Amino acid sequence: GADAAARHARITLLPQMSGPAGCRGAKMSPNQGHLLVLHQKLPENAQEPRIVMAFYYPPDAGLPMGGPGSSRFLRLEVHYHNPLLISGRQDSSGIRLHYTPSLRRYDAGIMELGLVYTPVMAIPPKQHTFYLSGYCTSKCTQTALPPGGIYIFASQLHTHLAGRGVRTVLVRGRKELEVVQEDQHFSTHYQTIRVLRKMVNVLPGDVLITKCTYNTEDRSKPTVGGFGIMEEMCVNYIHYYPRTQLELCKSHVDPGYLQKYFNLINRFHGND
């Protein structure tokens, strides 16, 4: 089947975005219905499709769809990786959505945590273990979250080929309170939305730290952040309710501090 070439698929309700890059939100609108169940299907062969993932929203929440001012478009995005350039592959995979016009109590939302992927998000070559961390700051959560906070009920961790582990923790009052989601045996070839055993309550002023572990022992050049499979990301897509206007809560590597670091390293090695 197409499984050897297809890596993962996702569906996106295209939003109307606003706000700064580190703490960004989407314009809200009244809803007409809720998405309740998402099935991802990949074929074993052309005649026998199989469901490889079924994601159910909690009984009191659903993903809002439709309504005045809402996006009119839904985008299905399937990522493939075929380094051996095998020809003749056919793919009939897809996603089945279950939708209801009967609204549940809460609108659910999706928030992207982690590190902004830019070229200055660099990982040196020949590294057995290298860490990068991204922050959803207290300023963002203080500004965007309601007084009672939000409840995270599911999480999708994401890196590319060099990623070996991803961990998101909740920090309150400068103390690590609990782990939201963790996978220290992460593989980019197996990515799914995982429902948490226990929902995590994030309050205004809390901090969410996403830490990624990389291995570049097989690489001779630095790995930079980007969309390509040989570039890297450090991301956690959290599913939560009630929905807020905060859709992206990430940090980025400061180019000024990075330059100071390289200057220090050069001086240490006698390279002016």
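Residues numbered from 1 in each chain as written. Predicted model: local features only at pLDDT ≥ 70, side-chain atom pairs only at ≥ 80, totals over all residues. Heavy atoms only, no water.

(A) Geometry of the UniProt feature "domain: Copper type II ascorbate-dependent monooxygenase N-terminal" (unreviewed entry) in the protein chain. Under the feature "domain: Copper type II ascorbate-dependent monooxygenase N-terminal" (unreviewed entry), the UniProt entry names residues 54-84. In this annotation, residues 54-84 is assigned 0% helix and 48% strand; the end-to-end C-alpha distance for the span is 30 Å. (UniProt positions renumbered as here; feature names shortened; annotations may be inferred. Helix = DSSP H or I, 4+ residues; strand = E, 2+ residues; numbered from the N terminus.)

(B) Looking closely at helix H2 (residues 255-268). Given a rise of 1.5 Å per residue, 14 residues ought to cover 20 Å, and the 20 Å separating the end C-alpha atoms of H2 matches this to within 8%. Backbone nitrogen of glycine 256 and a side-chain oxygen of the N-cap are separated by 2.8 Å at the start of H2; the cap is aspartate 254. One or two residues past the end of H2 sits glycine 270, with phi positive at roughly 75°. (Expected span 1.5 Å × (residues − 1). Polar contact = N/O pair within 3.5 Å; in protein donor to acceptor, adjacent residues only side chain to side chain.)

(C) View of the packing of aromatic side chains. Overall, the coordinates contain seven aromatic pairs when judged by the stated rule. Site record: aromatic cluster; members linked through ring pairs are Phe55, Tyr57, Tyr106, Tyr151, Phe153 and Tyr241. Taking NZ or CZ as reference, lysine 211 lies 4.2 Å from the ring centre of tyrosine 131, over its face. (Phe/Tyr/Trp six-rings, centres within 6.5 Å; stacked < 30°, edge-to-face > 60°. Lys NZ or Arg CZ within 6 Å of the ring centre and 35° of its normal.)

(D) A look at the nonpolar core. Grouped together as the largest cluster of nonpolar side chains are 17 residues, with contacts concentrated most on Met111, Ile152, Val202 and Leu208. Sorting the residues of this core by element identifies strand S10 (109-115), strand S12 (150-158), strand S15 (194-202), strand S17 (234-241) and strand S18 (246-251) as the ones contributing at least two each. At three residues, the largest contribution of residues to this core is made by S15. In this structure leucine 208 touches Leu113, Gly134, Tyr135, Cys136, Thr168, Val169, Leu170, Val180, Val202 and Ile238, once residues within four positions along its chain are discounted. Ala162, Val166, Tyr214 and Met233 belong to the second largest nonpolar core, which has 15 residues in total. (Core = buried A, V, L, I, M, F, W, Y, C linked by side-chain atoms within 4.5 Å. Buried < 20%, exposed > 50% of the residue type's maximum accessible area, 1.4 Å probe, protein only. Contact = heavy atoms within 4.5 Å.)

(E) Representation of the pairing of strand S6 (residues 61-65). Of all five residues in S6, five are buried; the element is thus mostly enclosed. Of the pairings in the sheet, the one linking S6 to strand S9 (residues 106-107) comprises two bridges and is parallel in character. Bridged to glycine 62 within S9 is aspartate 107. (Pairing = 2+ DSSP bridges.)

(F) Structural context of the sheet that holds strand S13 (residues 163-172). Strand order in the open sheet formed by four strands is S11-S16-S13-S14, and the pairing between neighbours is antiparallel. Only two strands of the sheet have a single neighbouring strand rather than two, namely strand S11 (130-136) and strand S14 (175-183). Taking each pair of neighbouring strands and ignoring which way they run, the sheet shows an average axis angle of 20°. Bridge analysis of S11 against strand S16 (residues 207-214) gives seven bridges, and the strand direction is antiparallel. Paired with phenylalanine 130 across the two strands is tyrosine 214, which belongs to S16. (Axes fitted to C-alpha atoms, helices over the stretch in contact; angles between N-to-C directions.)

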